[in-house]
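# Structure at a glance
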Amino acid sequence: MRKVDFHTHSKYSDGTTTPQDIVARAKRDGVEILFLTDHDTVSGFPEARDAAKGSGVLLHCGIEINTIYQDNLHILGYGIRWEDAGFRERLEEFQGRRRLRIERMVEALRKHGLDISFDDVAGQSLETLGRPHIADLLRRKGIVQNRQEAFNRYLIKGKPGYVESMGPSAEEAIALIRDAGGFCSVAHPETVADLEALSRWTRYGLEGLEVYYSTHTPSDIVRYGRLAESLGLLCTGGTDFHGPGSGRDKALGVEVPDEVYDRFMDRLAKCF
Ligand code: AMP
Ligand code: ZN
Ligand code: FE
Ligand code: FE
């Protein structure tokens, strides 16, 4: 088995800690290969790269793109040319759409009687905005205890702060990552109610499924592993670490079998 983490978030999106701290934790937790996969941004990667130099942790730049599909299909991208200008331009467009959505959500919550401002929400992120930033402000104000409670009471579909996602389609996200020289995996597949669409996305260029994930039980791993195999998809693995106080703050790293690791690394090597 090999310990890897292909799914982590920093303060450049909705994580609560720095890229440097994530690298330090990866080293402490014995992670061999680490990807920083912030939502719709690669701006944290240079800081992580500097921290990783000489640390023994092999670091790569990744991305996670939240799509409009059921508002919870998230596409992870690996092996991307992260400095590509066209790629970064599209990410900035997605960031702008997220900003607009969060502005509307803050407005809806203000109408609902909550005393919050957009500037206070936005000030918590170094780049990409998301619902967790509203959640953290509600926690700081003592309105909720944690992110989970904020989502359940205010931020999910049907609740007072909810506004539909303005993210790209699954196909757009896949095409963007592929155009930047990378390959894609579907994150935390248990959040996608309808996995029927997986075969369609696979024909469209999807190459992986996040079979190994912090909350997956051994039977989840078997089930998703079989699904990946039946579609010819690579298995990927990550924790979805979001930093201290996020509720997704356990140790970094998931154990994956050597053959899963080798197949992923062979595919990654083809990108460069
Ligand atoms: P958004 O990108 O604004 O749609 O917000 C979705 C993000 O919020 C996900 O990428 C997760 O990082 C986080 N998230 C989603 N559901 C929850 C939850 N129940 N508790 C804490 N964080 C969540
Ligand atoms: Zn997140
Ligand atoms: Fe996600
Ligand atoms: Fe994530």
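Residues numbered from 1 in each chain as written. Chains lettered and ligands numbered in written order. Predicted model: local features only at pLDDT ≥ 70, side-chain atom pairs only at ≥ 80, totals over all residues. Heavy atoms only, no water.

The next subject is the layout of surface pockets. Empty space within the second largest pocket amounts to approximately 190 Å³. Elements supplying a minimum of two residues to the lining of the second largest pocket: helix 9 (218-231), strand 7 (234-238) and helix 10 (258-269). In terms of residue count, helix 9 provides more of the lining of the second largest pocket than any other element does, five residues in total. A per-class count over the lining of the second largest pocket returns seven nonpolar, one polar and four charged. (1 Å grid on protein atoms, 1.4 Å probe; cavity = no way out; pocket = protein on both sides within 12 Å on 5 of 7 lines; lining within 4 Å. Points joined across faces, edges and corners; volume = space filled by probe spheres on them. Helix = DSSP H or I, 4+ residues; strand = E, 2+ residues; numbered from the N terminus. Nonpolar A, V, L, I, M, F, W, Y, C, P; charged D, E, K, R; others polar.)

In this section: the side chain of Asp-40. Of note, Asp-40 is situated in the loop between strand 2 (33-36) and helix 2 (45-52). Ignoring sequence-local partners within four residues, the contact set of Asp-40 consists of Ile-63, Glu-64, Ile-65, Asn-66, Leu-91, Phe-94, Gln-95, Arg-98 and Thr-128. (Contact = heavy atoms within 4.5 Å.)

Here we come to a negative patch on the surface. Together, Asp-258, Glu-259, Asp-262 and Asp-266 make up a negatively charged patch on the protein surface. You can see Glu-259 is positioned in helix 10. (Patch = residues over 30% accessible without salt bridge, like charges linked within 9 Å, V, L, I, M, F, W, Y side chains within 5 Å. Areas by Shrake-Rupley, 256 points an atom, 1.4 Å probe, with all protein chains shown as cover. Salt bridge = Lys/Arg side-chain N within 4 Å of Asp/Glu carboxyl O. Lys, Arg positive; Asp, Glu negative; His and termini not counted. Charge placed at Lys NZ, Arg CZ, Asp CG, Glu CD.)

Before going further, it helps to spend a moment on the coordination of the iron ion (ligand 3). Distances from the iron ion (ligand 3) to its protein donors, namely Glu-64 (OE), His-74 (ND1) and His-188 (NE2), fall within the range 2.1 to 2.2 Å. Counting gaps between the donor residues of the iron ion (ligand 3) yields the pattern E-x9-H-x113-H. Taken as a pair, the iron ion (ligand 3) and the zinc ion (ligand 2) show a spacing of 5.4 Å. Taken together, the residues His-74 in strand 4 (residues 74-78) and His-188 in the loop between strand 5 (183-186) and helix 8 (198-204) connect sequence positions 114 residues apart. As far as burial versus exposure is concerned, His-74 and His-188 are alike and both buried. (Donors = N, O, S within 2.8 Å, 3.2 Å for Na, K, Ca; no water. Buried < 20%, exposed > 50% of the residue type's maximum accessible area, 1.4 Å probe, protein only.)

Before going further, it helps to spend a moment on the site of ligand 1. Every one of the 14 residues lining ligand 1 counts as a neighbour, but His-39, Asn-66, Arg-101, Arg-131 and His-242 are closest to it. Contacts to ligand 1 include Asn-66, whose side-chain N or O atom sits 2.9 Å from an oxygen atom. A distance of 2.8 Å separates an oxygen atom of ligand 1 from a polar backbone atom of Arg-131. In isolation ligand 1 exposes 490 Å². Once the protein is present, 87% of that is buried. (Near = heavy atom within 4 Å. Polar contact = N/O pair within 3.5 Å; in protein donor to acceptor, adjacent residues only side chain to side chain.)

According to the stated counting rule, one finds ten aromatic pairs in the structure shown. Residues Phe-6 and Phe-35 carry aromatic rings whose centres are separated by 5.3 Å and whose planes lie at 80° to one another, so their mutual orientation is edge-to-face. Note that Phe-6 is positioned in the loop between strand 1 (2-5) and helix 1 (19-28) and Phe-35 in strand 2, a separation of 29 residues in sequence. Note on Phe-35 and Tyr-78: the rings are 4.7 Å apart at their centroids and 75° apart in plane angle, and the pair reads as edge-to-face. Placement of the pair is Phe-35 in strand 2 and Tyr-78 in strand 4, with a sequence separation of 43 residues. Note on Phe-35: relative accessible area 0%, which makes it buried. By relative accessible area, which is 0% here, Tyr-78 ends up buried. A connected cluster of aromatic rings, assembled from ring pairs, spans Phe-6, Phe-35, Tyr-78, Phe-183 and Phe-264. (Phe/Tyr/Trp six-rings, centres within 6.5 Å; stacked < 30°, edge-to-face > 60°.)

Turning next to the side chain of Asp-136. Locating Asp-136 in the fold gives a position in helix 5 (residues 131-140). Setting aside residues up to four positions removed in sequence, Asp-136 forms contacts with Thr-16, Gln-124 and Arg-147.

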